[in-house]
Amino acid sequence: MNPFYITGIIPPAYFCDRKTETDWLVRTITNQANVLLTSPRRMGKTQLIRHFYERPEIKGHYHTFYVDIYPTTSLHEFVLFLSKEIYSVLVPKGKAVLDGFLSVLRSLTGSFTYDPVSGVPSFDVKLGDIQAPELTLGEIFDYLEKADLPCIFAIDEFQQIDRYPEKNVEAILRSHVQTMNNCRFIFAGSNRHILENMFHSAAKPFYNSTEQLYLDRIAREKYVAFICAKFREAGREILSGAAQLAYDLFDGHTYYVHNLLHHVFATVAPEKKVDENDVLFVLEALLEEKSHAFAGQLSQLNYGQKETLVAIAKAGKATGVTSVAFIKKNALKSPSSVQYAISTLLDSKILTYEQEGRAKTYSLEDRFLEMWVRRVY
Ligand SMILES: Nc1ncnc2c1ncn2[C@@H]1O[C@H](COP(=O)(O)OP(=O)(O)OP(=O)(O)O)[C@@H](O)[C@H]1O
Ligand SMILES: [Mg+2]
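Residues numbered from 1 in each chain as written. Chains lettered and ligands numbered in written order. Predicted model: local features only at pLDDT ≥ 70, side-chain atom pairs only at ≥ 80, totals over all residues. Heavy atoms only, no water.

A. Quick look at helix α10 (residues 254-267). The terminal C-alpha atoms of α10 lie 20 Å apart, and with 14 residues this matches the ideal 20 Å at 1.5 Å per residue to within 8%. In terms of burial, α10 is largely enclosed, as 10 of its 14 residues are buried. Among all positions of α10, only Thr254, Tyr256, Val257, His258, Asn259, Leu260, Leu261, His262, Val264 and Phe265 are buried. Where α10 is buried, its residues touch α8 (220-233), α9 (240-249), α11 (276-299) and α15 (367-376). (Helix = DSSP H or I, 4+ residues; strand = E, 2+ residues; numbered from the N terminus. Expected span 1.5 Å × (residues − 1). Buried < 20%, exposed > 50% of the residue type's maximum accessible area, 1.4 Å probe, protein only. Contact = heavy atoms within 4.5 Å.)

Now the structure itself:
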């Protein structure tokens, strides 16, 4: 069994650190506040929420819901995702609890059935069934407000609502959230810029309505200690220098460090003490394995996009990308061509950026791709 989980729910014994953050969440949520949770992509937001739900102060004391609205592009879908999540959390809690929900969700009653023979419930709601999303949303919040236990609802990739064609979604949600006593919300997402704009600008409905947690990398010494301990517990050994190298290669970016270690654990012979060379060897193999997909991804780009991408990959974190210095150093065409390429690369989620004041720092979203590009070009 591999102690470095790269999919699914991580059992507490295999969950690395995040003690301060989890404690903070417990304190903040039990004190009735709502939370805005942001981090760069793949730093561990989703896993942190799931881990928090398992804490003894929470589990069994709250109904806990989690929905990732990344795929949604309209209020209809938002409502569909929320109702499906509530349904699936309540099913195992028995007919009485489920009926409590169904009786409030009047606008969708037609979509619920109990199998007449087995009594197994089913909820087959289609997008077209949600004819008045605002009404159904009101019913959902009504239910959460009246539920037999207090509720925590995590809405992941919340920045997505900014893209819905319905323009008043933020205001509608805010008006519900504001008046609820029985339900706390965690709004999470990786688009820090959109989210902070939603929650920190005075003109916006969600202004000042949450406590914020910014999830950064796990501290190096804690991560390294965790890595060494997990090898030891499995009756194996890794040099702490090798664990440090795995961390440093990706700047402690959780998903990538974990992914690399997962493969190190899986491929290095169990009796061998893992050293730096093993880590580098496994990394090469991983990049090799991904190279076909990466090449395919790059083949979709035109020349201008490609040369901009390569320049940013080489810089790692690129600032002043339209400055004469950057253009010259990387033999790019012009500030406007770079600007244009960047906007396409951002749209296709190949690039990402951080913003401080007016300055933007660009980097590749996928650190494996970044490494691969650096090697190939
Ligand atoms: N505390 C942790 N302990 C062990 N592994 C972790 C931890 N946090 C994150 N991971 C690893 O990193 C991966 C990514 O974590 P997660 O999906 O929570 O990130 P995210 O910030 O939600 O990403 P995204 O931005 O893509 O939604 C996990 O699948 C797991 O392999
Ligand atoms: Mg996530």
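B. Summary view of the packing of helix α5 (residues 133-146) against helix α6 (residues 169-179). As a packed pair, α5 and α6 sit with axes 11 Å apart at the nearest point and diverge in direction by 15°. One finds that α5 runs roughly parallel with respect to α6. When you trace α5 past α6, the crossing you get is right-handed. Contact residues: α5 offers Glu134, Leu137, Gly138, Phe141 and Glu145, while α6 offers Ile172, Leu173, His176 and Thr179. Across the contact of α5 with α6, the residue classes tally to 4 nonpolar, 3 polar and 2 charged. (Axes fitted to C-alpha atoms, helices over the stretch in contact; angles between N-to-C directions. Parallel < 35°, antiparallel > 145°, perpendicular 65-115°, else oblique. Left-handed = near helix turned anticlockwise from the far one by under 90°. Nonpolar A, V, L, I, M, F, W, Y, C, P; charged D, E, K, R; others polar.)

C. Local environment of the environment of Tyr70. The topology assignment puts Tyr70 in the loop between β2 (63-68) and α3 (75-90). By relative accessible area, Tyr70 is classed as partly exposed at 40%. Spatially, the C-alpha atom of Tyr70 lies 18 Å from that of Val35, the residues being 35 residues apart in sequence.

D. Representation of the site of ligand 1 in the model. Looking at ligand 1, there are 20 residues lining it, with Tyr5, Arg41, Lys45, Thr46 and Gln47 nearest. Met43 places a main-chain nitrogen or oxygen 3.2 Å from an oxygen atom of ligand 1. The contact in question runs from an oxygen atom of ligand 1 to an N or O atom on the backbone of Gln47, over 2.8 Å. Burial of ligand 1 by the protein chains amounts to 91% of its free accessible area of 630 Å². The pocket occupied by ligand 1, as judged from atoms lying within 2 Å of grid points, is the second largest pocket. (Near = heavy atom within 4 Å. Polar contact = N/O pair within 3.5 Å; in protein donor to acceptor, adjacent residues only side chain to side chain. Areas by Shrake-Rupley, 256 points an atom, 1.4 Å probe, with all protein chains shown as cover. 1 Å grid on protein atoms, 1.4 Å probe; cavity = no way out; pocket = protein on both sides within 12 Å on 5 of 7 lines; lining within 4 Å. Sits in = over half its atoms within 2 Å of the grid points.)

Functional significance is not addressed by these values, which are geometric in nature.
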